[in-house]
Amino acid sequence: MIEETRKKTFLGFDFSTQRLKAVVIDEEYAVQQEADVEFDVDLPEFRTAGGVVRGERGEVTAPTLLWVKALDMVMDRLVVAGVDFSTIEALSGAAQQHGSVWWLKGSGAKLASLSGDQFLHTQLATCFVADSPVWMDSSTTADCQALEEAVGGPEELAKITGSRAYERFTGAQIRKMFRTRPRVYQNSERISLVSSFACSLFVGKIAPIDLSDGSGMNLLNIHTKKWHEQALQACGDETLLSKLGDPVPSATVVGTISPYYVQRYGFRSDCKVVAFTGDNCSALAGLRLRSGWVGLSLGTSDTLLLGLESAAAPPAGHILVGPTSAPYMALLCFSNGSLTRQNHRDRLVGPSWEAFNDLLQATVRGNMGYMGIYYDTAEIVPRAAAGRWLEDARGRPVDKPAPQFEARALLEGQAVARRAHAEDMGFVLDRSSRVVATGGASVNTALLQIFADVFNTPVYVQDQHANAALLGAAIRAAEVWSAETGTKLTGSEPTVSPVASPYPDAERIYKPMLERYRKMIENIP
Ligand SMILES: Nc1ncnc2c1ncn2[C@@H]1O[C@H](COP(=O)(O)OP(=O)(O)O)[C@@H](O)[C@H]1O
Ligand SMILES: O=C(CO)[C@@H](O)[C@H](O)COP(=O)(O)O
């Protein structure tokens with residue numbers, strides 16, 4: 001029995017692309033303290049740009065130790081923020097999806113014997129056999145084809161795993177490592193996702209992959225919830241099964257906190273660690289979407305999220321095992337999200353969102369016919385290499401229109417693409433639906449107004465926090481702890497408020513742009 005009067009708090013983490021965030025909530029799910037580490041700024045010694053390191057042939061990686069050092073730093077910032085770690089009953093986390101962590105043999109033993117006197121990053125410095133390929137990597141096209149062939153074609157793979165083969169999905173990444181760097185593969189004790197790796201740092205052993213984030217690998221049968229044997233065979237050898245370990249439901253207590261945290265920060269020794277999951281899965285959990293609501297995460301990537309009752313194989317996009325009570329979730333991911341917006345903001349007006357929004361205000365909805373597609377990095381939906389396509393009202397290519405037209409062309413082009421592909425995937429979006437936005441760019445109401453008009457749907461944001469993945473992690477910790485201990489919590493459902501409504505003429509302006517967009521992408525190589 002848990003003592004009723006004891007103060008109870010819950011801790012959530014988000015190991016996303018550009019930063020590590022942490023939040024402490026109380027029993028009512030009110031935010032108590034927060035801390036944040038921005039990889040490029042706070043850890044310049046790792047020389048990342050936007051949290052990653054880019055190679056010449058579409059390879060995108062992150063140094064795994066960067067995330068460990070960021071954890072040391074964020075823990076210290078929580079101390080400075082006044083967190084009383086002895087009140088934390090449970091913790092959980094979210095992380096960028098698909099990335100893989102390659103643990104050197106012997107790492108499990110190191111995790112189990114950490115000394116509370118030293119930083120984690122000094123003790124785990126030699127634990128990673130390779131840098132971590134991350135979700136922006138587009139270098140595994142050959143491996144995707146081989147995986148699809150081995151399983152009976154792209155449709156068959158999508159039926160089984162919820163997605164056709166995608167370059168960033170961990171199965172193709174593992175296959176590439178097995179093929180091109182066999183010693184890394186052989187010397188790996190385990191292969192984690194970023195989420196299960198992060199969880200391992202808390203639980204003092206290599207933590208299991210959860211089913212929801214595990215669905216982003218092209219290796220999991222999302223119906224039986226077991227690894228798919230043929231897919232495993234296509235991506236590695238007979239040791240792959242044991243390198244991955246058994247996946248677990250997202251609502252699993254994977255253990256109690258490592259003694260390291262008890263000694264170093266004063267956590268309770270019975271603080272529970274709940275399986276970590278993908279950031280989009282955690283955002284879906286945090287947003288509490290009701291029927292007819294669609295989640296729009298505006299982080300480094302832009303994603304659309306939806307809870308699903310059944311798992312029809314999508315033509316594009318992904319079906320994942322649901323992180324909460326809905327059995328499945330749909331996910332569409334666009335790699336050119338916030339970083340692309342930020343690059344062009346810097347180019348057009350310098351580092352101010354206000355100045356960028358002033359440019360938007362200097363143009364009209366529909367942008368006098370200027371339309372643009374901006375891929376600063378290889379795009380996932382549709383699959384395309386980096387490039388830029390801009391045309392005027394007559395469909396003639398233009399090179400350099402005035403900055404205000406470019407600003408609007410970029411944002412309208414992005415929103416139109418999100419709607420076109422969402423419709424292709426079967427998302428129903430009309431004035432009776434709701435878009436609930438979250439992530440770093442969801443604070444920008446001028447951007448949300450464009451989404452409201454293009455989707456012809458009101459856009460809402462959560463009142464409690466702009467980052468549903470982070471809040472979702474802390475709430476998942478609280479709810480799994482509550483179910484496990486039989487202790488009732490007083491936390492109420494997160495609430496949302498409208499921030500942008502479509503203008504009455506929105507459909508007239510943007511419907512034709514959807515058709516133009518579809519034609520434009522046909523000509524993209
Ligand atoms: N006012 C704003 N308008 C538009 N974008 C913003 C604004 N404030 C922050 N952002 C964007 O939010 C992004 C970070 O979002 P975040 O959700 O923290 O990313 P991630 O979780 O992928 O690390 C930055 O790249 C930045 O461009
Ligand atoms: O690849 C995907 C989803 O399939 C990305 O959405 C990553 O999960 C990165 O998330 P953010 O850091 O952009 O939130």
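Residues numbered from 1 in each chain as written. Chains lettered and ligands numbered in written order. Predicted model: local features only at pLDDT ≥ 70, side-chain atom pairs only at ≥ 80, totals over all residues. Heavy atoms only, no water.

- Where an unreviewed UniProt entry is consulted, the chain appears under the name Xylulose kinase, with the organism given as Euphydryas editha.

**Regarding the packing of aromatic side chains**
- According to the stated counting rule, one finds 20 aromatic pairs in the structure shown.
- Grouped by ring-pair contacts, the aromatic residues Phe 13, Phe 15, Phe 85, Phe 202, Tyr 260, Tyr 261, Tyr 265, Phe 267 and Phe 276 constitute a single cluster.
- If you follow Arg 418 out to its NZ or CZ, it ends over the ring of Phe 334, 4.2 Å from the centre.
- One cation-aromatic arrangement involves Arg 434 over Tyr 460; the distance from NZ or CZ to the ring centre is 3.9 Å. (Phe/Tyr/Trp six-rings, centres within 6.5 Å; stacked < 30°, edge-to-face > 60°. Lys NZ or Arg CZ within 6 Å of the ring centre and 35° of its normal.)

**A few points about the layout of surface pockets**
- Approximately 860 Å³ is the volume attributed to the largest pocket.
- Considering the residues around the largest pocket, the lining is formed by 44 residues, among which Arg 19, Leu 298, Gly 299, Thr 300 and Gly 440 are closest to the centre.
- Only β2 (19-26), β3 (31-38), α14 (279-287), β15 (293-298), β18 (328-334), α15 (338-349) and α19 (468-485) provide two or more residues apiece to the lining of the largest pocket.
- The residue inventory of the lining of the largest pocket, partitioned by class, reads 14 nonpolar, 20 polar and ten charged.
- Reported here for the second largest pocket is a volume of approximately 420 Å³.
- Where the lining of the second largest pocket is concerned, the elements lending two or more residues are α14, β15 and β16 (302-308).
- With three residues, the top contributor of residues to the lining of the second largest pocket is β16.
- For the lining of the second largest pocket, the per-class residue count stands at nine nonpolar, six polar and three charged. (1 Å grid on protein atoms, 1.4 Å probe; cavity = no way out; pocket = protein on both sides within 12 Å on 5 of 7 lines; lining within 4 Å. Points joined across faces, edges and corners; volume = space filled by probe spheres on them. Helix = DSSP H or I, 4+ residues; strand = E, 2+ residues; numbered from the N terminus. Nonpolar A, V, L, I, M, F, W, Y, C, P; charged D, E, K, R; others polar.)

**Comments concerning the site of ligand 1**
- Around ligand 1 sit 15 residues in total, of which Ser 16, Lys 21, Thr 300, Gln 342 and Gly 440 are the nearest.
- In this structure, an oxygen atom belonging to ligand 1 sits 2.7 Å away from a side-chain N or O atom of Ser 16.
- One of the side-chain N or O atoms of Gln 342 is found 2.5 Å from an oxygen atom in ligand 1.
- Taking 580 Å² as the accessible area of ligand 1 by itself, protein coverage stands at 85%.
- Given that more than half its atoms are within 2 Å of the pocket grid, ligand 1 belongs to the largest pocket. (Near = heavy atom within 4 Å. Polar contact = N/O pair within 3.5 Å; in protein donor to acceptor, adjacent residues only side chain to side chain. Areas by Shrake-Rupley, 256 points an atom, 1.4 Å probe, with all protein chains shown as cover. Sits in = over half its atoms within 2 Å of the grid points.)

**Some remarks on the sheet that holds β15**
- Across the sheet, which stays open at both edges, the seven strands sit in the order β17-β18-β16-β15-β21-β22-β23 with mixed pairing between neighbours. With one partner strand each, in any of the chains shown, β17 (318-321) and β23 (496-500) form the two edges of the open sheet. Mean inter-strand twist for the sheet, computed between neighbouring axes without regard to direction, equals 35°.
- Examined bridge by bridge, β15 and β16 share four bridges and lie antiparallel to one another. Bridge pairing in β16 places Gly 295 opposite Leu 305.
- With respect to the sheet, helix α17 (residues 403-424) is in contact with β16 and β18, its orientation differing from that of β18 by roughly 145°. (Pairing = 2+ DSSP bridges. Axes fitted to C-alpha atoms, helices over the stretch in contact; angles between N-to-C directions. Contact = heavy atoms within 4.5 Å.)

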